[in-house]
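Architecture and fold: a report
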Amino acid sequence: ASYDMGGHDTYMHKEISEQPDAVDRVLRGRIDDRFSTVHLGGLNLDPREARTIRRIKILGCGTSYHAGLIGASLIEGMARIPADAEPASEFRYRNPVVDPDTLYIAVSQSGETYDVLAAVQELKRKGARVLGVVNVVGSAIAREADGGVYVHAGPEVCVVSTKCFTNTVVAFALLALHLGRIRDLSVTDGKRIIEGLRKLPAQIEEILKSEDEIKQIAAEYAGAQSMMFIGRVRGYPVALEASLKLKEISYIHAEAYPASELKHGPLALIEPALPTVAIVPDDDLLEKNRAALEEIKARSGRILAVAHQPQAKADHTIVVPKNEDELDPILMGIPLQLFAYHTALAMGRDIDKPRNLAKSVTVE
Ligand code: AGP
């Protein structure tokens, strides 16, 4: 593979820009319109087995863990299988109950992260079935797993993950749809999700066009000491990932909280010097999210909203195109990659090589 920057100043910028093509690749050849489902060739899970799964546990680290959190909500929502995600690094050290009716899914860009690999090996030693959602073909985790879904994001060079995060979430949407259609998801809902998936590349392209506007907004937040990121349910992992991205490359301290938890503590921090980034999709929680913005405004907190329509209480809104509710988190994360990028750039940071971090952590 060629690792040429293709006219971009950084790999991160190149990789953010590649997302419409990357998403196109993870979808390619997998959609089955006739049965409103998707085929995942490497899954190695027959429908009868898929129907016996009682629970799904997703394991990953860092950005991959965040993708797994969205994956869990996609699977639970579409396949109605209880699912959750946990940092692989924690799972391994807490002597977890390994249950034969649980399907384990290991998520990793590199496929070489030691904490994830060791969790997979421990699970396999205990007889569990483990799938991989992995980017690097033939990597250690991909080889160790019983089957899985390749993410097909292409090579990712920048230490912070962007296109691979997006593609991993899309891969989870495919897996959720596949499992859903074996279980209780209707043909109509299957079709609705497929149509939504097909819209993603063009919608991402549209978001990328707002880069100049995002750059201007980022310039206003670049001096902040600390930032708060909030979202509810599906929006919360988006907040977690956006805050991690900002921390990693700008070194601004950032915290992510479920918006619903603000009043249980972090509201004490809100004041003009602590800006909040809020994920505000047009879904059944819109009014709840707006109430949180009001709480913040009442304490003179500055607000940057990522939303489907301008938010009156926000100082800035980055408006993103609407997709199906389930798939909205995929799109809402993208402007915040650009936000982290331009904030870090305005602060003169080394974007592709943030201090103290390695692309993949292959040791304990
Ligand atoms: C990504 O922004 C980070 N470099 C980091 O959190 C990363 O996601 C984590 O180390 C896991 O890596 P993996 O996906 O290659 O397993």
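Residues numbered from 1 in each chain as written. Predicted model: local features only at pLDDT ≥ 70, side-chain atom pairs only at ≥ 80, totals over all residues.

Re the confidence of the model for the protein chain
Inclusion rule: Predictor confidence is given residue by residue as pLDDT, running from a minimum of 0 to a maximum of 100.
Mean pLDDT over the protein chain stands at 95; residues scoring 70 or higher make up 99%. Listed scores for the predicted complex are pTM 0.96 and ipTM 0.96.

Comments concerning the site of the ligand
Our working rule: By definition, a residue lies near a molecule or strand when the C-beta atom built from its backbone is within 6 Å of it. The secondary structure listing takes helices from DSSP runs of H or I that are at least 4 residues long and strands from runs of E that are at least 2 residues long, numbered from the N terminus. Throughout, the ten residues Ala, Val, Leu, Ile, Met, Phe, Trp, Tyr, Cys and Pro are labelled nonpolar, Asp, Glu, Lys and Arg are labelled charged, and all others, Gly among them, are labelled polar.
In the vicinity of the ligand lie 16 residues, with G62, S108, Q109, S110 and T113 positioned nearest. The biggest single contributor to the shell around the ligand is helix α4 (residues 62–79), with three residues. When grouped by side-chain class, the residues that make up the shell around the ligand number six nonpolar, nine polar and one charged.

A short note on the pairing of strand β11 (residues 303–307)
Here is the rule we go by: Exposed residues have 12 or fewer other C-beta atoms within 10 Å of their own C-beta, buried residues have 20 or more, and partly exposed residues fall in between, where C-beta atoms are placed from the backbone. When DSSP finds two or more bridges between two strands, those strands count as paired. The crossover handedness rule: strands pointing away from the viewer, path from first strand over the helix to second strand clockwise, crossover right-handed.
The buried fraction of β11 is high, at five of five residues. Here β11 shows no split at all, with I303, A305 and A307 on one side and L304 and V306 on the other all buried. Taken together, the five bridges between strand β10 (residues 276–280) and β11 define a ladder with parallel strand orientation. Bridging across to β11, T276 finds its partner in I303. Regarding the hand of the β-α-β motif, the stretch spanning β10, helix α12 (residues 286–298) and β11 is right-handed. Two elements, β11 and strand β12 (residues 316–319), share four bridges in a ladder whose sense is parallel. Bridge pairing in β12 places A305 opposite T317.

Some details on the sheet that holds strand β6 (residues 129–134)
As a reminder of what qualifies: Here an angle of 0 to 180 degrees is reported between the N-to-C directions of two axes, which are lines fitted to C-alpha atoms, with helices fitted over the stretch in contact. Here, residue contact means that the backbone-derived C-beta atoms of the two residues sit within 7 Å.
The strand order β4-β3-β5-β6-β7 describes an open sheet built from five strands, whose pairing is parallel. Bordering the open sheet on either side are β4 (83–87) and β7 (147–150), each of which pairs with just one other strand. Sheet twist, expressed as the average angle between the axes of neighbouring strands with direction ignored, equals 20 degrees. In the sheet, strand β3 (residues 55–60) pairs with strand β5 (residues 102–108) via five bridges, with the strands oriented parallel. Counted as the bridge partner of I56 is L103 from β5. This element, α4, spans β3, β4 and β5 of the sheet and lies at about 170 degrees to β4. Against the sheet, helix α6 (residues 114–125) engages β3, β5 and β6, with an angle of about 160 degrees to β5.

Things to note about the sheet that holds β12
Read across the open sheet, the five strands follow the order β9-β8-β10-β11-β12; overall the sheet is parallel. The open sheet has two edge strands with one neighbour each: β9 (253–258) and β12. In this sheet, neighbouring strand axes are inclined to one another by 20 degrees on average, regardless of whether the strands run parallel or antiparallel. The pairing of strand β8 (residues 226–231) with β10 spans three bridges and is parallel.

What to know about α6
Put simply, the test is: To estimate the expected span of a helix, count its residues, drop one, and scale the result by 1.5 Å.
When the terminal C-alpha atoms of α6 are compared, their 16 Å separation across 12 residues agrees well with the 16 Å that a helix rising 1.5 Å per residue should span. Those residues of α6 hidden inside the fold are in contact with β3, α5 (88–91), β5, β6 and α7 (140–144). Phi turns positive one or two residues past the end of α6, at G127, with a value near 85 degrees.

A few points about unusual backbone geometry
The residue S36 is not glycine, and still its phi comes out positive at about 50 degrees. Assignment of secondary structure puts S36 in the loop between β1 (31–32) and β2 (37–38). Assessed through the 21 C-beta atoms surrounding it within 10 Å, S36 is described here as buried. In this structure, N44 takes a positive phi of about 60 degrees despite not being glycine. Mapping N44 onto the fold places it in the loop between β2 and α3 (47–50).

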